[in-house]
Structures are given as C-alpha cells and as structure tokens.
Amino acid sequence: MAISIKKLKLIIFTVFFSVSVLAMAQTRDTIYLWPDEVPGESQKKHIAKQTENVSGNVKRLTDITNPSLTVYKPKKQNDAKAGIIICPGGGYQILAIDKEGYEIAEWLTSLGYTAFVLEYRVPKKEKGAKQDLQRALRLVRSKAKEFNLNPHKIGVMGFSAGGHLSALASTSFQTNTYDKIDIADNVSSRPNFTMLIYPAYLDRGINKTIDPAFYLDKNTPPFFIFGTSDDPYGNSGLVMAKALRNNKVPVELHMLAKGGHGYGLRQGNSAAETWPNLAEKWMNNWLKSREIAKYERQLNFPKKEVLVTNLPQKKKLWVFLMAGQSNMAGRGFVEPQDTITSKRILTINKNNDIVLAKEPLHFYEPKSGGLDCGLSFANSLLKEIPKDVSILLIPTAVGGSSTTKWLGDSIHRDVKLLTNFKEKVKLAQKYGTVKGILWHQGESDANTNDIPKYENNLKHLFKSFRSSVRSKKLPILVGELGGYRPESETWKAINKIINTYAKKDKYTFVISTADLIDKGDNLHFDSESQRILGKRFANFYIENINP
C-alpha cells in the first residue's frame, strides 16, 4: 500500500527522534522564566526530576521548581514567522516531556515554525503552571526580534492537561497572575492562536459542562481542537468547541472514533497519524495567510471616545495635519500602549468633534485602518515643547491615493481628497495654530506612468496645502517609502525624487525609513516601525524646525 509523503515524514520522526531527541534537547537554548524568585513557589530552584516510570518509552519529569522554555529553531523558517509554545500533558503531576514536548517541537520545526517547549511547575501546582505560561507568552513575544518572529503570531499548543493550561491562558489573559518583574511583562500575554490535542479537564462545570474558569468573548483567539470519541476525556473538546461557537470564536474541531488518549504523534495509532496533517493545514490557513490579522485587527481598538470641551488658547494648541496614503493612514496592529491617552494630545472623530487621541486616528477606512505614526509623534513632541502647549492631530490620509488623485480632488474611497484636506484645515485653524504637515505617500505613484510627473505633482500639491493654510513657509515632513523593497527600482525612484525635491523646497524635509520593516505584506510598516517613524518626525521637528 502506498504511503503518503507526510505520513512517511511522521514515521521517520518516530524512529529517529525517539532515540536522539532527548540528547538534542540538552544542547538547545534554554530560557528560564523567572530571573529571581518564582512567584508562589516555596521550594528553592533545582533541576527537575525524572521519574522511574519510563513505560511507553516516555520520559516523565516532575518536581519542577525552575520553569523554563527549551528553544527549537527551524533550519529554514517559513513565511509565517510564528512561534508556538508547547505545553506537555501529565495530569498536572508530571510532564511527558519527550512525547508531548520535544518530539512535537521537532515536527513543528520541520514545518518551518519556531517552537518552545514549556516546563511548567508540577506536581499539583495549577496556579503556578498558569503563571508560568502567562510569563512564557510574554517572554517569547518580547523576544520576537531575537527569534525573527511576528509578535502577533505567538500561539500555544497543549496536550491533555497541557491543553487545559493552554485553554486557561487563551481565555483569562485579561488578568495578571503575578506582579510585574521586568519590561517583558509590559507586552500582552494573549495567545494569537490555540491548538488543543486530546485536551482534558475542560468540562469541570456542572454536569460536565464548560469549566467556569474560562472567559470567552470576541477577543478569544481562534482554536484548533483534536480528540477521539473513545478518549475518557473526549468531552472536553466537545464542550470547548460548543462554547467557542456560541461566542462566535473561530474553532475547528476534529473527532475520530478511536485513538484513546496520550498518543502524541507516535506511529501505530490512527489518531496520532491523523492530527498532524490536519493541524498543519489549519496552521497554513491561519498563520501563512492574513487570517490572523483580519480576525485580530480591532482587538485593542478603543471602546469609548472622550470628548474634550475645555480647549487651550489657539496659540497653545499646535496642530499637525497627517496626509498621504495607507502608511500615513495606518495599517499597523494597535496594541494597548497605543490607546493610552494624554490630556495634551487631541484629535478629531468622524463628526469633527475634538476628542482625546487614541489609535487608530484615521476613520475614513473602517475596514482596514490601524496604527499610524501620529500618537507616537505627539508623545515624543510633548517631551520637548512647553508644558502649557497641547497637540491636535488632524487625520486626512486615505489608502491607495496617488498625487494625481489628490491634485484632481478625486473622490477616493468616499473621500474627496483635497476638499476634505481644506475643510480639515479650516477646522484646525478654528481651534489652534497649524504647525506642520506629516506626509507619507508614493506607493501608488511608484509605476512607470506616474514616476515622470511625481516631482511636479509634489510641487503643486504642497503649494496647494500651504495655500490652504495661508503659510508659504509651512513645514512639510515627508517620510520615504520603506526600505523593505530593496530590489524595487520604482520605489528607489520615488525616494530619489522625494529627496531631490526637498533640496529645492527649503520647507520640505525628508525622514529616512530605510531601516524600518513591513508587517509581512511587503507594503505597510509594522507597528514598531510606525512608532519609530512617529519619533523620527518629532525628533526632526524639534531639532530643526521648532522655534
């Protein structure tokens, strides 16, 4: 009978890694979760103990007091750049560290994913285990650059009791389980995706219903669940899938008739030979596409606006207009830090009301908007300007808008571009003093037809902007196109034109973006790059323009 390539790969893993995986794990990088005291731990840190029980060719660890992550890096990383924290099972008594840890990590790295095997506290330390996983999620996300990971693609995969632990982390991330100990604890502990393989203990509610410890809502990450009907814990996957569905959380559930419990991915068990292929397809769909980004885009969007009625004097309210296309309109992922308000940073809503500024600032494209550079710019500026001065950010950028459309006052995505800009200038001057324009644009002009007229378009457009403000000397700060397309001759041409034009216009200034990175689409700045761009706009303004 013919054997599929994927099945053959799994067979090879079983034969080879059952012999070598433990030795290999000992040579890998280890991240210890707690640099000093372990919260709630009464024992001193020491090496985990291996039990004498090795039945089923399984290495079992217990008495874990110094929780850690063992890092598995792929030889060739795939485009998803996802990190997956693996939580082995063992009934919260032991950890089946090889069968449900190291061997799983090796399989994931063969697919191009970076894996982290979690040694969480056992035995009988569920609270400590929950703290360990929350800390692990934050550490991995905080080290995303170090491991070349997308910080918005950090997930968990749990087996048996590890599935219960993974479900807890995925449904209670709103609550801190320990006091902050370092800068890593500033980042989110929410998994971006969750995979439960033969999970246990999820049905601790009345009459075997969902555990009331799980809090599910629209912010719960998408789930993949696999189990079998003959698993004594099989009801766990069913009740979790039902609860997720009832809360409109994406869930994919697979239940086979036979397979039992605790099989890992070792061959000779139909369930063990089935779930890896299904999980791989699910990961391909969610992690190698834009599905995660689409699902999570509005995760941290503010729920309420704060209207501002007591405004500073006009001369004490500095106004900056944000214009251009999508990288100024914002496509980055909004994180909690981007929604922290300051009484001195204001913006407008779609009704032209003055409100406290929170990202996202732009409202013209509700189905695609995200983090822009505005709030970062304003926060950086506040540190250097007089304390009695406030900032008003006026968004006017619209994705996909070319300079030709701006000059022609075209209706683009339901916005009459130049008319809207002029209306916002009048609004700005009603309340404050216009100090400058932040401009980022050029992607839509980066083609052989529009490049020849780009410099002339900039000249006339910027003249129109300044005429609207009635200031020939109004500073316009222009961000370059991102440096993540080094082979693009058209992007190089646009950046060259921007720099050439700035030399001719003494009130136009160029902000470098050569080292900034995209969010994975080769087009838009990622969140951190947006924040950096905002700081660069502010620093340049402070050092070269601010009187």
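Placed above this text is the structure.
Regarding the overall build of the protein
- Regarding its fold elements, the protein presents 14 helices and 20 strands.
- Radius of gyration (C-alpha) of the protein: 27 Å, near the 24 Å computed for a compact globule of 547 residues.
- In terms of overall dimensions, the protein has a C-alpha envelope of 80 × 55 × 40 Å along the principal axes.
- For the protein, the residues scored as buried account for 58% of the 547 residues in total.
- Within the protein, residue pairs in contact and separated by at least 24 positions form 78% of the contacts whose partners lie at least 6 positions apart.
- Here the protein contributes 78 positive and 54 negative side-chain charges, whose respective centroids are spaced 6 Å apart.

A short note on the sheet that holds strand β1 (residues 30-32)
- As summarised here, the arrangement of the eight strands in space is β1-β4-β7-β5-β8-β9-β10-β11, forming an open sheet in which the pairing is mixed. What marks the edges here is a single partner per strand, and that holds for β1 and β11 (251-256). With direction set aside, neighbouring strand axes in the sheet form an average angle of 20°.
- Contacts between helix α2 (residues 98-110) and the sheet are confined to β4 (68-72), β5 (83-87), β7 (114-119) and β8 (154-159), with β5 contributing the most and set at about 160° to the helix.
- Docked against the sheet, helix α5 (residues 235-246) engages β9 (194-197), β10 (223-228) and β11, running at close to 155° with respect to β11.

A word on the environment of D409
- Turning to its location among the elements, D409 is positioned in the loop between α10 (403-407) and β16 (411-412).
- Exposure remark for D409: the relative accessible area of 16% places this residue in the buried category.
- Residues D409 and T419, spaced ten residues apart in sequence, show a C-alpha to C-alpha distance of 6.5 Å.

Thoughts on the pairing of β10
- Across the six residues that make up β10, a large majority, six, are buried.
- The alternating pattern of β10 places F223, I225 and G227 on one face and F224, F226 and T228 on the opposite face, and all of these are buried.
- Sheet analysis places β9 next to β10, joined by four bridges and oriented parallel. Across the sheet, residue I197 finds its bridge partner in β10, namely F226.
- Across six bridges, β10 lies against β11 in parallel orientation. Across the sheet, I225 pairs through a bridge with L253, a residue of β11.

Observations concerning the sheet that holds strand β18 (residues 433-440)
- Strand order across the open sheet formed by seven strands is β14-β13-β15-β12-β18-β19-β20, with mixed pairing between neighbours. A strand with exactly one partner marks an edge of an open sheet, and here the two such strands are β14 (354-356) and β20 (508-511). Neighbour-to-neighbour, the strand axes of this sheet turn through a mean angle of 30°, independent of strand direction.
- By the bridge criterion, three bridges tie strand β13 (residues 345-348) to β14 in an arrangement that is antiparallel. Directly across from T347, in β14, lies its bridge partner V355.

Re helix α4 (residues 161-171)
- α4 sits mainly inside the fold: eleven of its eleven residues count as buried.
- For α4, the complete set of buried residues consists of A161, G162, G163, H164, L165, S166, A167, L168, A169, S170 and T171.

Let's talk about unusual backbone geometry
- Here the residue pair V122 and P123 is connected by a cis peptide bond, since its omega of 5° sits within 30 degrees of zero.
- One can find P123 in the loop between β7 and α3 (126-142).
- In this structure, the amide linkage connecting E359 to the following residue, P360, adopts the cis form with an omega of -5°.
- Position of P360 relative to the elements: it lies in the loop between β14 and α9 (374-382).
- In this model, Y201 sits at a positive phi of 65°, which is unusual for a non-glycine residue.
- Even without being glycine, N352 reaches a positive phi, approximately 70°.
- Inspection of the secondary structure puts N352 in the loop between β13 and β14.

Definitions and cut-offs
- Residues numbered from 1 in each chain as written.
- Predicted model: local features only at pLDDT ≥ 70, side-chain atom pairs only at ≥ 80, totals over all residues.
- Heavy atoms only, no water.
- Helix = DSSP H or I, 4+ residues; strand = E, 2+ residues; numbered from the N terminus.
- Rg over C-alpha atoms; globule rule 2.2 N^0.38 Å.
- Buried < 20%, exposed > 50% of the residue type's maximum accessible area, 1.4 Å probe, protein only.
- Contact = heavy atoms within 4.5 Å.
- Lys, Arg positive; Asp, Glu negative; His and termini not counted.
- Charge placed at Lys NZ, Arg CZ, Asp CG, Glu CD.
- Pairing = 2+ DSSP bridges.
- Axes fitted to C-alpha atoms, helices over the stretch in contact; angles between N-to-C directions.

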